[in-house]
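Structural overview for review
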Amino acid sequence: MRIAVVGAGIGGSALALSLRAAGFRDIDLYEAASEVRELGVGINVLPHAARELTELGLARELDSVAVRTAELSYHNRFGQQLWIEPRGIEAGYRWPQWSIHRGHLLGVLLGTVRQRIGDHRIHLGHRVDPHDLTMIDADVIVGCDGVHSALRQLVVPGEGAPLWNGVTMWRGVTVTDSFLGGRRMVMAGRLSRRVIVYPLRDLGDGRQLVNWVVAVRTGDGRPMPKQDWTAETDPAEALAETEGIELDFLDLRHLIGGCESVLKYPMADREPIPSWRTGRVTLLGDAAHPMQPNGSNGAAQAILDARVLARELVRHAGSATPLAALDTYEAERIPATTAVVLSNRRAGPERILDLAADRSPNRFERLEDVVSAAEVGAIVEEYQRTAGFDPDVLNNRASLHARLEG
Ligand SMILES: Cc1cc2nc3c(=O)[nH]c(=O)nc-3n(C[C@H](O)[C@H](O)[C@H](O)COP(=O)(O)OP(=O)(O)OC[C@H]3O[C@@H](n4cnc5c(N)ncnc54)[C@H](O)[C@@H]3O)c2cc1C
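Below is a summary of the structure that appears in this document.

Helices and strands together make up the secondary structure of the protein, namely 12 helices and 16 strands. The burial tally for the protein puts 57% of its 406 residues in the buried class. Considering only contacts within the protein whose residues lie at least 6 apart along the sequence, 79% involve residues at least 24 apart. Element-wise, carbon and sulfur atoms account for 49% of the exposed surface of the protein, whose accessible area totals about 16,500 Å². Of note, the protein has its 45 positive side-chain charges centred 2 Å away from the centre of its 53 negative side-chain charges.

Written out as structure tokens, the structure reads:
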């Protein structure tokens, strides 16, 4: 079977690796960019995605360029702690949570794709034109071409721009001393003005690469910022947006002010669609289900798509047409990803911040007067179930791996 993968981002690379691991040999990867650069900032690979990357044999290499995040805490704008939870291995998963620079993750994925399918199968500088697919000699074409997907236009003609929720994110990575033990992810403020901070890489001298995000509801008439990974701005602009947030354990002035390059990005998604398929073309990752980044799940869902699609192509390899695999793939993945898209619109687990801020806009004396551990725990667990990383379910479910016979 000949399979064309369009887009060499996280989803496309994960698909190429999943197909190869499943025993497919005729795989071509088309990427519009002429070189793959280390763009973007930090990303969290949650245990459900870490499991898949581990089964693809990437764990050791990812460990060498990532931090195994051990805990996540939520705080109000005064830095008072609302909730803390263990993450990854510390939370009882059999797989870690990796916090990693998106460029380093892509570097590991694409480097492995090169080794496993061969350089000659990776076509850089090749922007696929959805209206001229005749030049692609493949039985199946998978659009992994991101939130501005060209191939999605074939499935949803005239869809237009992504939907902005009015929140703008300023994102950067700063080299700084480690904080709170060096393996903690922190969220503070409220949904209309919050900061998210987590370390990405140990530098071996007590310092770390630390990722930060300032997310502010700015959709008050100001234009939607450009949506790509390269819209740079001044750190002072991001710092000004943290006004009112004071954390005694983290110097935001130093963290944000000391950043060389700040990316500005709108928080956007698209409406879930009832089918991803037209003829021999299907969609995967952000092309299929772009989601707001609340809950850190976009890349994870792209990786799960890749694993399920490879498995379904194996299952249908003997049938008259492989296209049935595209139907069973989307029958499994559309409901699963739609639930995450919709939950993220309600801010996923991050809605804990507003729950507390609405009840106690000022400093509180006793946390139990504001939110109970049972209430917060219920929100956290509901999201884990929705996004497929409930620890018991994930630890005990069968592997998604499948392999062609012979
Ligand atoms: C601010 C922010 C924070 C995030 N944080 C997290 C997180 O912590 N955890 C998480 O799991 N997810 C996170 N995500 C989501 C995650 O980044 C995306 O879900 C993920 O990158 C999607 O991967 P993809 O391969 O589908 O698309 P992309 O990474 O966008 O890759 C698409 C590729 O297709 C190429 N391409 C485009 N058009 C064509 C064409 N016509 N022909 C050929 N190639 C083409 C592009 O050049 C690109 O290389 C975040 C997203 C944002 C915006």
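Further notes follow.
The next subject is the pairing of strand β6 (residues 81-86). Relative to β6, strand β5 (residues 71-75) is paired through five bridges, and the arrangement is antiparallel. Opposite Tyr 74, over in β6, you have Trp 83 as the bridge partner. Here β5 folds back onto β6, and the loop between the two strands holds five residues, one of which, Gly 79, carries a positive phi near 90°.

This paragraph deals with unusual backbone geometry. Phi at Leu 180 takes a positive value of approximately 45°, unusual for a residue other than glycine. Residues other than glycine seldom take positive phi values, yet Ala 347 does so here, at roughly 75°. With respect to the helices, strands and loops of the structure, Ala 347 is situated in the loop between α9 (323-345) and α10 (352-359). Taking relative accessible area as the criterion, Ala 347 reaches 6% and is therefore assigned buried.

The next thing to look at is the environment of Leu 56. Inspection of the secondary structure assignment puts Leu 56 in the loop between α2 (47-55) and α3 (59-65). A residue is classified by how much of its surface remains accessible, and Leu 56, at 4% relative accessible area, is buried. Residues Leu 56 and Leu 109 lie 53 residues apart in sequence; the distance between their C-alpha atoms is 10.0 Å. Ignoring sequence-local partners within four residues, the contact set of Leu 56 consists of Ala 14, Leu 17, Ser 18, Ala 21, Arg 116 and Arg 307.

Following the criterion strictly, the structure yields 32 salt bridges and no others. Here Asp 269 makes a salt bridge to Arg 345, at a shortest N to O gap of 2.8 Å. Residue Asp 269 is located in strand β15 (residues 262-269), and its partner Arg 345 is located in helix α9; the two are separated by 76 residues in the primary sequence. For Arg 311, the salt bridge identified is with Glu 312, shortest N-O distance 2.8 Å. In this structure Glu 312 comes out as buried when scored by relative accessible area, which is 4%. One salt-bridge network, held together by shared partners, links Arg 51, Glu 52, Glu 55, Arg 307 and Arg 397.

What counts as what
Sequence order sets the numbering: in each chain, residues are counted from 1 along the sequence as written. pLDDT decides what is reported in this predicted model: residues at 70 or higher carry local features, side-chain atom pairs at 80 or more are listed and counted, and totals for whole chains, interfaces and linings draw on all residues regardless. The basis for every side-chain value is the complete set of heavy atoms in the structure, and neither hydrogens nor water enter the calculation. Strands are runs of DSSP state E lasting at least 2 residues, helices are runs of H or I lasting at least 4, and numbering of each runs from the N terminus. Exposure categories follow from relative accessible area, calculated using a 1.4 Å probe and restricted to protein chains: below 20% of the type maximum is buried, above 50% is exposed, and the middle band is partly exposed. In this description, contact between two residues means that some pair of their heavy atoms is separated by no more than 4.5 Å. Using the Shrake-Rupley algorithm and a 1.4 Å probe, accessible areas are obtained, with residue cover drawn only from the displayed protein chains. Charge counting follows a simple rule: Lys and Arg are positive, Asp and Glu are negative, and His as well as the terminal groups are ignored. Here the site of a charge means NZ on Lys, CZ on Arg, CG on Asp, or CD on Glu. By definition, two strands form a pair when at least two bridges between them are found by DSSP. What makes a salt bridge here is a side-chain nitrogen of Lys or Arg within 4 Å of a carboxyl oxygen of Asp or Glu, nothing more.

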